[in-house]
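Coordinate analysis (summary)
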Amino acid sequence: MGNDAGFHEIELIKIEGINKKVMDVKMAQKNLKSFFQGFLNKERFFVDKKVLQVNYSPPSLVHRDEQINQIASILAPALNFEKPSNIFIYGKTGTGKTVSVRHTLDELTVVANEQKIALKTVYINCKLKRVADTEYRLVSTLIKELDDVTIPFTGLPTDEVYRIFYDILEKKKVLLILVLDEIDQIVKKTGDELLYNLTRINSELKQSIITIVGISNDLMFVDTLDARIKSSLGEEEMVFPPYDATQIKDILSQRSKIAFRLGVIGEGVIEKCAAFAAREHGDARRAIDLLRIAAELAERDNKEKVSVDYIDIAENKLESDKTLDMVSTQPKHFQCVLYSVISCSDPKSSVASTGSVYDYYVDVCKKTGLRPLTQRRVSGILAELEMLGLINSKVVSKGRAGRTRELKVSIPYSLLGKTYEILKKSLGL
DNA sequence: CACCGTTCAGTTGAACTAAGCAACGGAATTCGG
DNA sequence: GAATTCCGTTGCTTAGTTCAACTGAACGGTGGA
């Protein structure tokens, strides 16, 4: 082969590199110490950061009293161990659906505990891949939440899993309030069998009761259901309207009072956050994230206070973190397909056709040693990527030139380069 | 020019397959008496 | 002889494959005005 010499050379360089690295590390460690000391001594922006995190449930919710009262009055019969109606809640992301439900359930649980009522609430997000994205997996996570019994992740008949669930419930004699967040996702993917089975179990239960609280972003969701299920399930429906800018402002000021040290939030910062988020169909979660990230960035830069400029930076970071994270956590083949879509996009119109993408994909697979999947599967993967919002597609017929999906990457242009790099690295190209 | 059948390049639904797993039941092995 | 271990069988889920029907607008041929 004759590359022995070269090999040694590389080794030598490596060793030299390591020596250099050791020195760097020593230096860095010295700096690191002072860095950490500085970190401690510095006046921190945050008093209680978790107030601004996603799963924080505030003690009181502004601008959702009406909805909370409604949920509460629907669920109140639970306190007499009577079955509350099932609820279906619709609304765009960040309109406070999840928080409101959680808040109400927390309060309800407190009262139920005082009254010694066996009330149990379980919250499951149906979108989570590999956790609750099929009927089997959802019921098995449900069981795990309920009784900490682990169900094998494959091998059992779904009926059996339902039976275990049924037995646990019957044994426990509880009133279970089951919150299924993003329920439209799982139904779209696996059909409405799940809902049917849950209602069926409910009618068979003698000792226990299940009430389902379904949360969906898709207003049309209920129309896609079978009429039988609709009638037995959609007993109560609620719609959460988006927040307007002033409401978001209220939410932000309420939270920032707890989260931040006094005076670190600059003039107009909250207003700007609110305006940004209101522009995006009143997404309060986004507004909160924006504020948090802006503060984090300002703090990192050793600023006195959070200024308005940081919100723009935060906006970019928020967007990029979200997409880049999503891209890097996809399975290999998904990444490969996405990479192909980006590569095949016509520089002018930025669209790609399925055929060219597939050819390119097969090439990429060969290069990376991946076994290429069939076109059918790739078609499915493209559909899933579209669900994730990474690409846009439209089926177009081009007459004699056949039919195809026009694929368009919907990753913002500013992130495309970075995304491309991540994909390349992850695929080993 | 209007109309209509053909054609292309995928799309999409359904049936099927392989891999990985659990439960079951019978055979083989071990063990204490 | 009873208890335990081992092993093959069966049946399940899930991801992916195979098969085939379906799609819809441009193309191109036909006939009528």
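For the structure, see preceding data.
Residue positions within a chain follow its written sequence, with the count starting from 1. Chain letters start at A and ligand numbers start at 1, both assigned in the order the entries are written. This being a predicted model, a pLDDT of at least 70 is required before a residue's local features are given, and a value of 80 or more before pairs of side-chain atoms are given or counted; all residues contribute to the totals for chains, interfaces and linings. Each side-chain value is derived from all of the structure's non-hydrogen atoms; neither hydrogens nor water enter the calculation.

The next thing to look at is the side chain of S393. Strands here are runs of E lasting at least two residues and helices are runs of H or I lasting at least four, both read from the DSSP assignment and numbered beginning at the N terminus. Along the polypeptide, S393 turns up in strand β7 (residues 391-397). Each residue is placed in one exposure class: buried if its accessible area under a 1.4 Å probe, protein chains only, is under 20% of its type's maximum, exposed if it is over 50%, and partly exposed if it falls in between. A relative accessible area of 19% places S393 in the buried class. Of note is the side chain of S393, whose polar atom sits 2.8 Å from the side chain of E386. In the analysis that follows, any N or O atom pair within 3.5 Å is treated as a polar contact, provided that within protein one partner can donate a hydrogen and the other can accept it, and provided that, for residues neighboring in sequence, both atoms belong to side chains.

A few words now on the protein's contact with DNA strand B. Contacts to DNA strand B come from 16 residues, most closely from T154, T354, R376, R400 and R403. Of everything in DNA strand B that lies within 4 Å of the protein, sugar and phosphate atoms constitute 61%. Here R376 contributes a side-chain N or O atom positioned 2.8 Å from a base oxygen of DNA strand B. Measuring from a phosphate oxygen of DNA strand B, one finds a backbone N or O atom of R405 at 3.3 Å. Listing elements by their share of the surface near DNA strand B, those giving two or more residues are α14 (354-368), α15 (375-387) and β8 (403-409). Of the residues contributing to the surface near DNA strand B, the split by class is three nonpolar, nine polar and four charged. The nearness test applies per residue and asks whether one of its heavy atoms lies within 4 Å of the molecule or strand. Three classes are used, and their members are as follows: Ala, Val, Leu, Ile, Met, Phe, Trp, Tyr, Cys and Pro are nonpolar, Asp, Glu, Lys and Arg are charged, and the others, Gly among them, are polar.

What follows is about the protein's contact with DNA strand C. Neighbouring residues of DNA strand C: 19 residues in total, closest T134, T158, T374, R377 and R403. Those atoms of DNA strand C that come within 4 Å of the protein belong to sugar or phosphate at a rate of 76%. A distance of 2.8 Å separates a phosphate oxygen of DNA strand C from a polar side-chain atom of R377. Taken together, the elements giving at least two residues each to the surface near DNA strand C come down to α4 (135-147) and α15. Classifying every residue of the surface near DNA strand C gives four nonpolar, eight polar and seven charged.

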